[in-house]
Amino acid sequence: MLANLNDVLIPAQKGKYAVGLFNTTDTDMLEAAIAAAEELRSPIIIGTAEVLLPYGELKLIAPSIIAAAKRATVPVVVHYDHGLTYERCVEALKLGFTSIMYDGSAKDNETNLAETRELVKLAHAYGATVEGEIGHVGEAATDDGAVSDMYTTPQEAIDFVEQTGVDALAIAIGTAHGAYKTKPCLDIERLKAIRSSLSTPLVLHGGSGLSDDDFRNTVREGIAKVNIFTDLCLAGIDGMKEGLEKELAYLEIRNLKVEKIKEAVKKKILLFGSDNKV
């Protein structure tokens, strides 16, 4: 069943668990993610990101994602992740996405505020929700302390939510996108300070590669949504490698890939604590 971020993140925040966003660039990943959620009776967020469109064009993948979400027996948010341009965000809304994330974090603060605010107005008119981002995920992901000023501060978070009206907020506390080259150093105390200052659900980007304890700690201290993509890709690669080593037929390799991705999604759902919440 189709849902938006408010439908799944507000209960998650109250229940002290998190809901995973699993980006799905093709129907293999899509099938795996929804099957995992249905098996564990978990709400789920699926979709794609603007940087992933070269690998699965929006007009091609959107109808499949939305149709699968409608058929699902659990709440499914169809989310456009890291929208970088106004035009693409609008396209996602017109195609039926129930949520968008506008990422203006690389722009100056006033521009980020103004553009996010406009997209919030538009998305809400569609009945969709909006996630914004403040701080710089990735630039604050080393443990040398040199870029700690790139972390989100509680006052920045308060100001951003008040001035934009976003439904969820991605914050920078020491994670990075993609595979980690060094062990991330998460600022849990900063997360706690932001959580105590806001009622808006908080989002952790750059989840792939974190330890189980990292996830448990961030969810315990107030993260309600966690983004996962790289771990799904790695699981799919493992499935294809295994299939090739076993000299399986193409479709058998495909099914093995789907199964490996499904197991990766299930592991994260259990870790986030969103199982049996439907």
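Residues numbered from 1 in each chain as written. Predicted model: local features only at pLDDT ≥ 70, side-chain atom pairs only at ≥ 80, totals over all residues. Heavy atoms only, no water.

Draft legend 1. Region of the structure containing the packing of aromatic side chains. Considering all chains together, one arrives at two aromatic pairs under this definition. Ring centres 6.0 Å apart and planes at 85° place the aromatic pair Y80 and F97 in the edge-to-face group. Remark: F97 occurs in the loop between α4 (86-95) and β5 (99-102) and Y80 occurs in strand β4 (residues 76-83); sequence separation between them is 17 residues. The buried category is assigned to Y80, whose relative accessible area is 0%. F97 sits in the buried class, given a relative accessible area of 3%. A cation over a ring is seen here: K277 above Y17, with NZ or CZ 4.9 Å from the ring centre. (Phe/Tyr/Trp six-rings, centres within 6.5 Å; stacked < 30°, edge-to-face > 60°. Helix = DSSP H or I, 4+ residues; strand = E, 2+ residues; numbered from the N terminus. Buried < 20%, exposed > 50% of the residue type's maximum accessible area, 1.4 Å probe, protein only. Lys NZ or Arg CZ within 6 Å of the ring centre and 35° of its normal.)

Draft legend 2. Main features of the confidence of the model for the protein. A residue-level look at the protein finds 92% of positions with pLDDT of 70 or above and a mean pLDDT of 91. Contacts of residues 138-147 to residues separated by more than four positions or lying in other chains number 17 contacts, the stretch itself having pLDDT below 50. (pLDDT = per-residue confidence, 0-100. Contact = heavy atoms within 4.5 Å.)

Draft legend 3. A look at the pattern of salt bridges. Within the structure shown, the criterion is met by 19 salt bridges. Salt-bridge contacts for R254 lead to E31; the nearest nitrogen and oxygen are separated by 2.6 Å. Of this pair, R254 sits in helix α10 (residues 250-272) while E31 sits in helix α2 (residues 27-40), placing them 223 residues apart in sequence. Its salt-bridge partner being K266, residue E39 comes within 2.5 Å of it at the nearest N-O pair. Of this pair, E39 sits in helix α2 while K266 sits in helix α10, placing them 227 residues apart in sequence. Using a relative accessible area of 13% as the deciding quantity, one classes K266 as buried. A single network of salt bridges, built from pairs that share partners, joins E39, E259, K262, E263 and K266. (Salt bridge = Lys/Arg side-chain N within 4 Å of Asp/Glu carboxyl O.)

Draft legend 4. Highlighting α10. In this model, α10 (23 residues) spans 33 Å end to end at C-alpha, consistent with the 33 Å of a helix rising 1.5 Å per residue. In the stretch just after α10, G273 is the one whose phi turns positive, near 80°. (Expected span 1.5 Å × (residues − 1).)

Draft legend 5. The arrangement of the environment of L204 in detail. Take L204: it is sitting in strand β8 (residues 202-204). Distance from L204 to S105, taken between C-alpha atoms, is 14 Å for residues 99 residues apart in sequence. Not counting residues within four places of it along the chain, the set of residues in contact with L204 comprises I173, T175, L210, T218, I223, K225, V226 and N227.

Draft legend 6. Region of the structure containing the nonpolar core. Counting residues in hydrophobic clusters, the biggest one holds 68 residues, and the most contacted among them are I100, L169 and V265. Ranked by residues supplied to this core, first place goes to α2 with eight residues. By size, the runner-up hydrophobic cluster in this structure holds 15 residues, among which are V19, M101, A168 and V203. (Core = buried A, V, L, I, M, F, W, Y, C linked by side-chain atoms within 4.5 Å.)

Draft legend 7. Structural view of the environment of L95. Following the sequence through the fold, L95 ends up in helix α4. Assessed through its relative accessible area of 31%, L95 is described here as partly exposed. As for L95 and S199, which are separated by 104 residues in sequence, their C-alpha atoms are 30 Å apart.

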